[in-house]
Every structure is written in structure tokens, then in C-alpha cells.
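Take a look at the letters that make up each chain.
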Amino acid sequence: MGVVRRYYLHRATVSVGFITPVFTLFLLRTLSFPQVGALSALSATLVVLFEVPTGYVADRFGQRASLALGLACSVLSLAGFVVATSFWEFVVLYVLWALGLTFQSGSGDAWLYEVLDERGDSESFTRVRGRGGAVTRYVSVLGMVAGGALYGVDPTYPFVFALSLNALGVLVLATLPAVAADAESVGVSEALSVARTEFSKPPLRAFLVAVAAFLATTGVANTYVQPTVVDALGASGFADPGPVTLAGFSLAPGLALGVLYAAFTLVSAVAGQHAGWVGDAMGPWGAVVGVGALSATLLVVPVFVAQVALPAFVVMRAGRAVVQPVANGYVNDHVPSAGRATSLSAASMAYSLVRSPLALAAGAYAGLVGPTLTVASLGVLFLAVGGVLGVLAWRQSAAGPAVVS
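Described below are features of the structure shown in this document.

With respect to the overall build of the protein
Then, in step 1: If you tally the helices and strands in the protein, you get 15 helices and two strands.
Then, in step 2: Considering the protein as a whole, with its 405 residues, one finds that 56% of them fall into the buried category.
Then, in step 3: Within the protein, contacts between residues separated by at least 24 positions form 84% of all contacts whose residues are at least 6 apart in sequence.
Then, in step 4: Total accessible area computed for the protein in this model is approximately 16,000 Å², and 67% of it derives from carbon and sulfur atoms.

Regarding helix 6 (residues 125-153)
Then, in step 1: Across its 29 residues, helix 6 extends 41 Å between first and last C-alpha, which sits within 8% of the 42 Å expected from 1.5 Å per residue.
Then, in step 2: Of all the bends in helix 6, the largest measures some 25° and sits at Val-141.

Side note on the environment of Gly-387
Then, in step 1: In this structure, Gly-387 sits in helix 15 (residues 371-399).
Then, in step 2: Exposure remark for Gly-387: the relative accessible area of 36% places this residue in the partly exposed category.
Then, in step 3: Considering only alpha carbons, one finds Gly-387 and Val-289, 98 residues apart in sequence, at a separation of 8.4 Å.

Quick look at the packing of helix 1 (residues 3-13) against helix 6
Then, in step 1: Running from amino to carboxyl end, helix 1 crosses helix 6 at an angle of 40°, the nearest separation of the two axes being 8 Å. If you check the angle between helix 1 and helix 6, you find them oblique. In this structure, helix 1 crosses over helix 6, and the sense of that crossing is right-handed. On helix 6, the residues touching Val-4, Tyr-7, Tyr-8, Arg-11 and Ala-12 of helix 1 are Val-128, Arg-129, Arg-131, Gly-132, Gly-133, Val-135, Thr-136 and Val-139.
Then, in step 2: Split into classes, the residues belonging to the contact of helix 1 with helix 6 amount to seven nonpolar, three polar and three charged.

Some details on the packing of aromatic side chains
Then, in step 1: All chains considered together, the criterion is met by 14 aromatic pairs.
Then, in step 2: Centroid distance Tyr-7 to Tyr-8: 6.0 Å. Interplanar angle 50°. Geometry classified as tilted.
Then, in step 3: Take Tyr-7: its relative accessible area is 3%, and that puts it in the buried class.
Then, in step 4: Ring geometry for Phe-214 and Phe-382: centres 5.9 Å apart, planes at 75°, overall edge-to-face. Within this pair, whereas Phe-214 is found in helix 9 (residues 202-223), its partner Phe-382 is found in helix 15, the two being separated by 168 residues in sequence.
Then, in step 5: Residue classification places Phe-214 among the buried positions, given a relative accessible area of 1%.
Then, in step 6: Joined through ring pairs, the aromatic side chains of Phe-23, Phe-26, Phe-81, Phe-90, Tyr-94 and Phe-159 make up one cluster.

Points about the side chain of Thr-156
Then, in step 1: With respect to the helices, strands and loops of the structure, Thr-156 is situated in the loop between helix 6 and helix 7 (157-173).
Then, in step 2: Classification of Thr-156 as buried rests on a relative accessible area of 19%.
Then, in step 3: Not counting residues up to four positions away in its chain, the partners in contact with Thr-156 are Phe-26 and Val-82.

As for the nonpolar core
Then, in step 1: Counting 55 residues, the largest nonpolar core has Leu-27, Leu-78, Phe-81, Phe-90 and Phe-313 as its most contacted members.
Then, in step 2: The residues touching Phe-90, leaving out its near neighbours within four places in the chain, are Phe-26, Leu-27, Thr-30, Leu-31, Leu-39, Phe-81 and Ala-84.
Then, in step 3: Grouped together as the second largest cluster of nonpolar side chains are 21 residues, Leu-208, Ala-213, Ala-347 and Phe-382 included.

Quick look at a nonpolar patch on the surface
Then, in step 1: On the surface, a nonpolar cluster with roughly 660 Å² of combined accessible area is contributed by Val-303, Phe-304, Val-305, Tyr-365, Leu-368, Val-369 and Leu-373.
Then, in step 2: At three residues, the largest contribution of residues to the nonpolar patch is made by helix 14 (residues 340-369).
Then, in step 3: Checked against the element boundaries, Tyr-365 lands in helix 14.

Let's talk about the packing of helix 4 (residues 63-83) against helix 7
Then, in step 1: Look at helix 4 against helix 7: their axes get within 9 Å of each other, and the N-to-C directions meet at 165°. Considered as vectors, helix 4 and helix 7 are oriented roughly antiparallel to each other. As helix 4 runs across helix 7, the sense of the crossing is left-handed. Between helix 4 and helix 7, the residues in contact are Arg-64, Leu-67, Ala-68, Leu-71, Ser-74, Val-75, Leu-78, Ala-79, Phe-81 and Val-82 and Phe-159, Val-160, Ala-162, Leu-163, Asn-166, Ala-167, Gly-169, Val-170 and Leu-173, respectively.

Side note on the side chain of Gln-63
Then, in step 1: In this structure, Gln-63 sits in helix 4.
Then, in step 2: By relative accessible area, Gln-63 is classed as buried at 6%.

Describing the environment of Thr-30
Then, in step 1: Mapped onto the secondary structure, Thr-30 falls in the loop between helix 2 (23-28) and helix 3 (33-61).
Then, in step 2: If we skip the residues at most four places from it in the chain, Thr-30 touches Gln-35, Thr-85 and Phe-90.

Parameters at a glance
Residues numbered from 1 in each chain as written. Predicted model: local features only at pLDDT ≥ 70, side-chain atom pairs only at ≥ 80, totals over all residues. Heavy atoms only, no water. Helix = DSSP H or I, 4+ residues; strand = E, 2+ residues; numbered from the N terminus. Buried < 20%, exposed > 50% of the residue type's maximum accessible area, 1.4 Å probe, protein only. Contact = heavy atoms within 4.5 Å. Areas by Shrake-Rupley, 256 points an atom, 1.4 Å probe, with all protein chains shown as cover. Expected span 1.5 Å × (residues − 1). Bend = angle between axes of the 7 residues up to and from the residue. Axes fitted to C-alpha atoms, helices over the stretch in contact; angles between N-to-C directions. Parallel < 35°, antiparallel > 145°, perpendicular 65-115°, else oblique. Left-handed = near helix turned anticlockwise from the far one by under 90°. Nonpolar A, V, L, I, M, F, W, Y, C, P; charged D, E, K, R; others polar. Phe/Tyr/Trp six-rings, centres within 6.5 Å; stacked < 30°, edge-to-face > 60°. Core = buried A, V, L, I, M, F, W, Y, C linked by side-chain atoms within 4.5 Å. Patch = residues over 30% accessible without salt bridge, like charges linked within 9 Å, V, L, I, M, F, W, Y side chains within 5 Å. Salt bridge = Lys/Arg side-chain N within 4 Å of Asp/Glu carboxyl O.

Okay, here's the thing in C-alpha cells:
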């Protein structure tokens, strides 16, 4: 089996689709909206703290080892959710979860770029990365329907199945070729200096702000998908909602959300497969600002027409599937090979730095006005930021040689 196909198999095992459609509802069984928001903010803050050190581990000791550590942390965290009952226990699990995310975030893309570059095929990164994300989402489609049904039997069952799949992923990683750690790799301070230098230049500076705004607002909005959809479908309560009506059928909320998330993810998978085409056709700026504006606009509409929440979240999730590989490919093209994983982690850290206070504020806001208005407000926020950045980018390009592409 070729290395790219084995990469796709690896991407299949990192799916947590079993828990995705019910995760927030699972938390709301014992926690309040402000507590859920605090956990989301904590996760984003921890990502800020962990991203660069874990990126350095990948650069210094090998990206495959970093990926394995990340999956191991995810497995431990998922196992903990099976038995956790208090807010502080969830805090500990979020620490493990953040470690898992950061060990994998820059490492996976850096590993793929290096492997393709060694084969003289680095230009296919966005296409392969987009298809890899699509594989994860296709597997998640099946997991989401199953997880929604399992949630109705026992709320902890989706976590058991998710951790089993991630544990299998550790074994799959052993079949992937290792990218030798560079004996002359730069240290954390040197890598950060490189990242700071490159990120402060016009090609990346405003672009990273736009990506951060999109990923932060949609990432926080994603926390409120489940209660917003439950609200839109007319169920009562969030912690233990009653049956909802979907396509004329009365379904348990977990199963209904599983089916809906499967549909969301299927569209996202198709979108992710075409990320390379979108990036080529629209350019990095067009993909981020254009897709972001469409997603943000649709997030506002459910305030007036509740049923639009469903297609709005479909577009939002599809947009993230397109923007992430396009953004990472653009960053990869503008940073040197030495310290690549650390640089990508620094970019992820910047995104999380924006998300952290936004998640905390959104949690408190949702406790006052509810999830639907909170999601709409996040959409308005991106439209405002994206509009300003779009004007600045246009003025820069009109003033002289193009500095964004």
C-alpha cells in the first residue's frame, strides 16, 4: 500500500465522529452553558500554551512520534469522559484533550508536506491534505449515526467506541514512514523567531488574521450547534431534550443529531476533497474571506427563520473543511523546512489565542440570550472583521505590487 493511501488510513482512525453529535448535550447533563463556555475557553488557552512546545517535540524527535503521543492523549481523555461526573474532572480531561490536539496539529501537516516534498510532489499538499480530511469525515459520517443511536442506549457508549478507533490509529501510525528528525533543527526560540519574521510580512500578516477570525468564530459557534439545532427542531430543554421531528419522523434527540451531523459531515467531506480546486480557483484570500462571508451570513439567518440553522451549519462546517487545508498549504509555502512543524503550531497557537476569550465571552452570553442568538452574533463578528480585512487587502493590492494572493 502506497504511503498516501496509508496516510488516508491514518486519517480514518483519528475520527471522533461517535461523540461529535452529542458531545455538548453530554456536557449539559451536568454542566451549565457558562461552564461549557469556560471549558471551551480553557481548551483554546491550553492550545496556545502547548502548541509551540509540542511542535518543537515534533521537529526535534520526529513528527510520527508526536502524532502517536497525540492519539494516546486523546484515548486517555475519551476514557476519562466515561467516568467523569464533576466540572473539575472535566477540566483535567480537557487538559489531556488539548495536549492530544496540539501534538497532532502541526505535526500531521508538517509530516505530510515533508514526505511529499521528498518525493518532489509538495504541490499536491493541499489536494492530499483535503482528501485526507475528507476520509476522516466519511468515517465520521458512519460514526455519527451510530454514536447518536448509542447515546440513546447509554450516553457513555459513543466515547467507548471513539477511544477504540483512536487506539487503532496508534497501530496504523507504526506503518507510516518516519521523517528523520533534523539533527541541526532549530530550537524553540529560533523557530519562533522565523515564524514571527514570516508572519509579520504582508503575504501572511493579514491573511493569518483573516484565518484566525474565521476559525475562531466558527469554532466557537460549533460548540452551540447541538443546542441550536435542538431548539430549531422544537425540542424542550437541552440537558435531557424530548423527541424531535426530523423529515416527518419523531426521533430521539441523539439519533436525530447523529443523522444531521452525518449529513453535515458528508457535505464537508465532499468540500474538503475539492479544497485544492477551490484554492486554485479563488486563491487563498478568496477562499478564506469568500467562504467565511457566506458562512457568517447564514449563521445570522436562524434568528429570523429557525429552520435555516440546519443548512447554515452545513455551509459552516464545509467552509472549515475547505479553509483549513488552503490556509495550511499557504503557510507551508511561506516558511522554511527547518522548524516547519513549530511554525505551523505557532499559526495554530495564534488562531487559538483569538478563540480563547471569544469562547469564554460566548459561554456567558449564551447563558443570557440562548445559543441561537449567540451563533448569530458570532456571524456578525466575522462579517465585520472580514469586511475590514477585505478593504485593507484591496487597498494594498491597488497601491502597488500585490502582497496577497
